[in-house]
Structures are given as structure tokens and as C-alpha cells.
Amino acid sequence: MEKGEIRINTENIFPIIKKAVYSDHEIFLRELVSNSIDAISKRRMASIAGDCENCENPQVNISIDREKNILKISDNGIGMSDSEIKKYINQVAFSSAEEFLEKYTKGEDEFIGHFGLGFYSSFMVAEKVEIITKSAINTKKSYKWSCDGSPNFTLEDSSRDDIGTDILLYLLDEEKEFIEPERIKSLIKKYCDFMPIDVLFEGEVINKKNPQWRKQPNELKNEDYIELYNYLYPFQGDPLLWIHLNTDYPYNIQGILYFPKLTGRADWEKGEIKLYSNQVFVSDSIKEIVPKYLLPLRGVIDSTDIPLNVSRSALQTDRKVRSISAFISKKIANKLKDLLKNEPEFYADIWNSISAFVKIGAIEDDKFAELVQPNIIYETKINNKTNISKLLKNNSLIKKDERIYTTLDHYQERNKAENQNQIIYCSDEIAQSNALNLWLSNDKEVIITDPLIDAQFLPWLESKNNNYQFQRVDSEIDESSDNKNKEIVDKDGKSPSDNLKNIFINSLNNEKITVKIQAIKNENAPPAMILLPEQMRRINDMGAYMEQKLPGLPEYHVLLVNKDHPIVNGLKKLSDEKLILDKEQKNESSLTKKLVNHIYDMAKLSVGGLSQKEIVNLQLNNAEVITGLLKSVK
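Here the structure is a predicted model, which means the values were calculated and not measured.

What counts and how
- Residues numbered from 1 in each chain as written.
- Predicted model: local features only at pLDDT ≥ 70, side-chain atom pairs only at ≥ 80, totals over all residues.
- Heavy atoms only, no water.
- Helix = DSSP H or I, 4+ residues; strand = E, 2+ residues; numbered from the N terminus.
- Contact = heavy atoms within 4.5 Å.
- Areas by Shrake-Rupley, 256 points an atom, 1.4 Å probe, with all protein chains shown as cover.
- Buried < 20%, exposed > 50% of the residue type's maximum accessible area, 1.4 Å probe, protein only.
- Arc of directions from axis to C-beta.
- Pairing = 2+ DSSP bridges.
- Axes fitted to C-alpha atoms, helices over the stretch in contact; angles between N-to-C directions.
- Phe/Tyr/Trp six-rings, centres within 6.5 Å; stacked < 30°, edge-to-face > 60°.
- Lys NZ or Arg CZ within 6 Å of the ring centre and 35° of its normal.
- Expected span 1.5 Å × (residues − 1).
- Parallel < 35°, antiparallel > 145°, perpendicular 65-115°, else oblique.
- Nonpolar A, V, L, I, M, F, W, Y, C, P; charged D, E, K, R; others polar.

Trainee: Teacher, can you tell me more about the overall build of the chain here?
Mentor: Secondary structure assignment for the chain yields 19 helices and 23 strands. Restricting the contact set of the chain to residue pairs at least 6 apart, pairs at least 24 apart contribute 70%. For the chain, the accessible area works out to roughly 33,100 Å², and carbon and sulfur atoms hold 46% of it.

Shown next, in the form of C-alpha cells:
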């Protein structure tokens, strides 16, 4: 029997191992099973070279001895000779103990995995570790190595007959959870599920093996991709689409990324993508490897080229990591481009679910923006059905069910001669319905935007493209809606519109409201509308965004009065005739003032600009106006 001392240049290595990686102490099983898989692969390669016989049924077996508190990991891989034990076990496989200490004693950074600890991670959970092994190449003897967690070890002959290696962990009292069958099964499923070799626990194969992402895309059907998604994310429904990653130059990366069906607000911080290294699970926290805007995606990235032994701050500046991130973004952009070109109806169907990914990604990543900007689509409203049919035939519109979609470039091609760079949009079809209907009634095309993400995205688009000038439907009305009839002025040089404007200004008595009088030829136009000049409204919305509240009606806004509406005509007559509605009423303009405020409140109500208290006042004022008008009827 040989005795000796492990060459690590410090006696503090084992306490540091236990302390430095204690929060991830369960990874010892991942490390030991990975070593076993490597040993099986090495035996296969050696057998091809003619150096030994390959094993017929390669597998890793895990078992427990509850009475002795032993966890055992066995394989039928290449095994080790005594010289190999001295080389690979006794000389700890760190570049130096000093480097290890520098990495793991600062405590300033978190770490993704701890590949490199390898076999010695077993001392996080065991008070003593034994190795019983027989080499496939040097088959004359077998050996037993034992260490109690100090730098001292023993190496002696063993009676093992079969080629391979057993690792026996004599668990610490505080680590007895790893003697529980369900705990071991859960760890195998978590870390070893997709390893290429059978991993057995107490004789039962636990792992799934042969993951879809390690195959070529032409080997898989849609059902295969959906099966993997449902396995990784049970009870989440089917994904919208997926992107298969497969390259070995200039780096090695495989994987499948899925766009999920999101039922609520996406979590842009957590991340759902699982990171593997050569089919070994590493982490599901990969914020440094993929751009933030891709974190709500799901799936798998498997790469041996991502450094797993360094701090997250180092990952953020690693050139290869940044290159992999750019590769993933480009693959996603190309997938969207192909879908828009080859499956436009499907693309339109999923667009509302993926648009947030695309728009936030464009804002955050200029290279991604260049690739995806031509593929951004919007639902659009066009009244002319004959025109729609023609446009669908030349593929400048996409129809899905009852909705019509367009790219911004196609929108401008259809409307540029008339509106130059102007793009008319509506962000709330209910609150902005009056303004929207006015544009549509004059055969103007209006795109429908998202009230949240597009509040930031449209200004960003304008900043990147001088050809885009966005205008919301309620910022002004279409000029063709204006019934521009000339008016006769009175002896004071005042037109009926001037007099009507004064009535509203005097009755509202609010300098923050700009009153405009216009004749709107559309018979369905309301008596008055709130208009919000584009830049003024954007400033208001941005202020609300900074204060983390919903934007309300800006204090400064425009009240557009439709002078051709019957109610407004009645108001003019009421003012002109100076009706006194009862003998006790000395203020002859009181009804006029109430009617003006009623018209104004109705305009505010249509854009959600009334508080709960103002809604109650509107009801009271409405009753008073109707009562006053009824009394005026002779």
C-alpha cells in the first residue's frame, strides 16, 4: 500500500472548496456523472484505436447504501491505472492553488457553474471519498484510492474485476439529503437528463438522452420540437415558433429557442433559456449570454465555447460571448424575415405575441434593428374594400381573418404622394374612435399601434428614419373633413365662427384650452372633439411614464367644435335669441354656459379625460341642461 500527500501547495483547499461553492453544492453529482460519461467516451475512442475493448452496454449507475450513508457512482468507462490516479487525482487539476484561491475567496461575483472543480467537488458533501477503478488498457490490476478530505490519501490494490470506476461518497451528516432517492432522481433529471449515455438509479434509467437540439433540423418534424418544449415547460401550451441553432464555426453552439405564448406581461429580467455544456445542464440564468430583450424566450443553448468558470462581469466583456449573442440575434431576425416572406398569414397571426420582443430588441440593439425593421408590421384600417383586394394580390397587404396588416414601407408607398412622410396611427380604437372614423370616412389609411410599447418605439423609429413622421388620429383632423364654406361677417367684422368661438371661450373660462371652430362635413361627427397636438401629447405621455402612471388628458389641449352639428347650431340660436327661461333667472347666459360645458365634458369623456367626480358632475349638468331646454319649449 502506498501513502502520500496530494500536491496542492496549500492545506486550505478542501475547506475552500466546501465554502466557496456551498450554495451550489448539489453540482457535485453533475461533475461526477460528467466524469463518468467522459470515461465511457474515452474507452470508445481507445477501442477504435485498438488499444482496448469497448463496453457493450455503456452506462452510469448510481446507488445508495442508507445504513452506511454511502452514495455510489459507477461507470464502465476506461478506468485508471495507478499512474493515472497519481496524475489525474493526486495533482489537483487547477493551474495553481493560488489562482483557485484568487477566484473563489474574493466573494465579489456570483459564478455560473463550477466546471473545473470536477472530482474534488465531491468533498462538498462527503467526509471521505473512495475510488475503486480498473483500467481498460492496463487490465492486470485494479486500485483503490481513499481520502478523508485532508491532503493525505492512500492508494492500494483492489479486488475489482470489471473495467471501469466506482466513486463512493461517505456523506457528511449535514448532507444526508443526498441519500434520499427522490432527491437523487431530481438531480439526475436536472443536470444529466440529456447526457448521451444511460444514467441509472437503483437499476432504473432516469435520463431522457438524445436531445432534439443535437440533431439536424432536417431530421426533425414540428412534433419533435413541440415535444421538447412541452417536456421542458409542462402545462405552458405549445410555442408560437422556434429557431434551431446549429454551427461549429467560429464557435460550437447548438440549441433550440422558442417564442412562447405569453398570457401576461413578459418577465424581462428572469430568463427561461436553459444553458447546457455538451448536454450537461449548467444554468437557467444566462443574462450575460443572450441580450436582455431575448430573455422571455425559452429553450436551450448548448455550447462548449462559453466560459463557465468565470465571473458574470467577465462574461459581459468576453468577446466570444458577445459574438454568440450576436449570432443568436441574427438567427432570430432571419427567421422572422423568412416567415414574413414565405408564411405571411402565419406571421400576421403571431405578430401581436412577438412584437414586443422585436421592438424592444430593435431599440436596444442597432444591428438587430437593421435586420428586423423591414419585418415590423402593423394592423391597418382601410375603408376602400376594392382597394384592399388589389393590394392583397400584389402582397403589399396581409390578411389574417378579419384583420389587415402592412409594413411601414408599404404604407408609405400607398400614401406618400398625398401625405409625404406622414403616417397616421391610432393607439386606442375606443378612446380615439371619433377621430379615427373621420379619417376612415375620407378613405385615409390608419395603422393601429400598441399604446404601451409604441409610445417609445414610434419616436425611436423617427429618430432613426427621417422618412417617418407619425401623427395620431386625434392630433388634428383630416383636412378633407373640413367643410370650408365662406362665412358672412357682421358689422364688427366678426363671422359666426368667431362669435361661436367667443361663446366657448367665455363659458369655459380656461386659458389652457384652445378653441377651434370647424365645419365637419361628416354627418356622424360629434359636436366637439379633443385634439392633442402630437409633440405636446408626447411630452405629457413621457412625463407620465417617468412618474410611472398612466397618461391623462394634458392640461393644454385643443377643443375642436363642429359648428355644423345640430347641438352646436341650437347653442348658437340659444345665444343669439338671449332666451330668459324663467322669471327668477337673472343670468341670461346660464343655460348657454351649461350647454357649452356639457359639450366639452362629452368630448373629454370620449377620450377618457374625466375623473370619477367629473363624471358625476356631468350627470348632474346633463339633467339641468335637458330640464332647461324642455322649459324653453313653448
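Trainee: I tried to follow the environment of glutamine 469 on my own but got confused; where do I start?
Mentor: Along the chain, glutamine 469 turns up in strand S20 (residues 469–472). Assessed through its relative accessible area of 47%, glutamine 469 is described here as partly exposed. The spacing of glutamine 469 and asparagine 421 is 48 residues in sequence and 5.6 Å in space, taken between C-alpha atoms.

Trainee: How do you make sense of unusual backbone geometry when you look at a structure like this?
Mentor: Although it is not a glycine, aspartate 401 adopts a positive phi angle of roughly 55 degrees. One can find aspartate 401 in the loop between strand S16 (398–400) and strand S17 (403–407).

Trainee: Hey, could you run me through helix H6 (residues 222–232) in this one?
Mentor: Three or four residues apart is the spacing at which side chains of an α-helix point the same way, because the helix has 3.6 residues per turn. Listing the buried residues of H6 in full gives Tyr225, Leu228, Tyr229 and Leu232. End-on, the buried residues of H6 take up no more than an arc of 100 degrees, which puts them together on one face. Of the surrounding elements, those touching the buried residues of H6 are strand S10 (241–247), strand S11 (253–259), strand S12 (272–277) and strand S14 (298–302).

Trainee: What am I meant to see in the sheet that holds strand S21 (residues 513–518) here?
Mentor: Sheet strands pair by backbone hydrogen bonding; their relative direction is either parallel or antiparallel. Across the sheet, which stays open at both edges, the three strands sit in the order S21-S23-S22 with mixed pairing between neighbours. A strand with exactly one partner marks an edge of an open sheet, and here the two such strands are S21 and strand S22 (528–531). Here the average twist between neighbouring strands, direction ignored, is 25 degrees. The strands touched by helix H15 (residues 496–508) within the sheet are S21 and strand S23 (557–562), with S21 carrying the most contacts at an inclination of about 155 degrees.

Trainee: Got a minute to help me understand the packing of aromatic side chains in this structure?
Mentor: Geometry of an aromatic ring pair is reported as the spacing of the ring centres plus the angle between the planes. One pass over the structure, following the stated rule, counts 23 aromatic pairs. Look at tyrosine 120 and phenylalanine 123: their rings are 5.8 Å apart centre to centre, the planes differ by 20 degrees, and that puts the pair in the stacked class. The two residues tyrosine 120 and phenylalanine 123 agree in class, both being buried. Aromatic pair tyrosine 251 and phenylalanine 327: ring centres 5.9 Å apart, planes at 75 degrees, arrangement edge-to-face. You can see tyrosine 251 sitting in the loop between S10 and S11 and its partner phenylalanine 327 sitting in helix H8 (residues 319–342), a full 76 residues away along the chain. Judged by relative accessible area, which is 19%, phenylalanine 327 ranks as buried. Three or more aromatic residues joined by ring pairs make a cluster, and in this case those are Tyr191, Phe194, Trp213, Tyr231, Tyr276 and Phe281. Above the ring of tyrosine 231, the side-chain terminus of lysine 208 is found at 4.5 Å from the ring centroid. When the ring centre of tyrosine 233 is taken as origin, the NZ or CZ atom of arginine 298, which lies over that ring, is 5.4 Å away.

Trainee: Is there a simple way to explain helix H18 (residues 590–606) in this structure?
Mentor: Given a rise of 1.5 Å per residue, 17 residues ought to cover 24 Å, and the 25 Å separating the end C-alpha atoms of H18 matches this to within 8%. The first or second residue beyond H18 is glycine 608, which carries a positive phi of 70 degrees.

Trainee: So what exactly am I meant to see when it comes to the packing of H15 against H18 here?
Mentor: Relative placement of two packed helices is described by the angle separating their axes and the distance separating the axes. Two numbers describe how H15 lies on H18: the axes approach to 9 Å, and their chain directions differ by 90 degrees. By the angle class used here, H15 and H18 are roughly perpendicular. Seen from H15, the contacting residues are Ile503, Phe504, Ser507 and Leu508; seen from H18, they are Thr592, Lys593, Val596, Asn597, Ile599 and Tyr600. Its residues assigned to classes, the contact of H15 with H18 comprises six nonpolar, three polar and one charged.

Trainee: Sorry if this is basic, but what is going on with the sheet that holds S12 here?
Mentor: The strand order across the open sheet formed by five strands is S10-S11-S14-S12-S13, and the pairing between neighbours is mixed. Two strands bound the open sheet, and with one partner strand each, they are S10 and strand S13 (280–283). Strand-to-strand twist across the sheet, computed as the mean angle between neighbouring axes with direction ignored, equals 20 degrees. Pairing geometry for S12 and S13, over three bridges, is antiparallel. Across the sheet, the residue bridging to leucine 275 is serine 283, located in S13.

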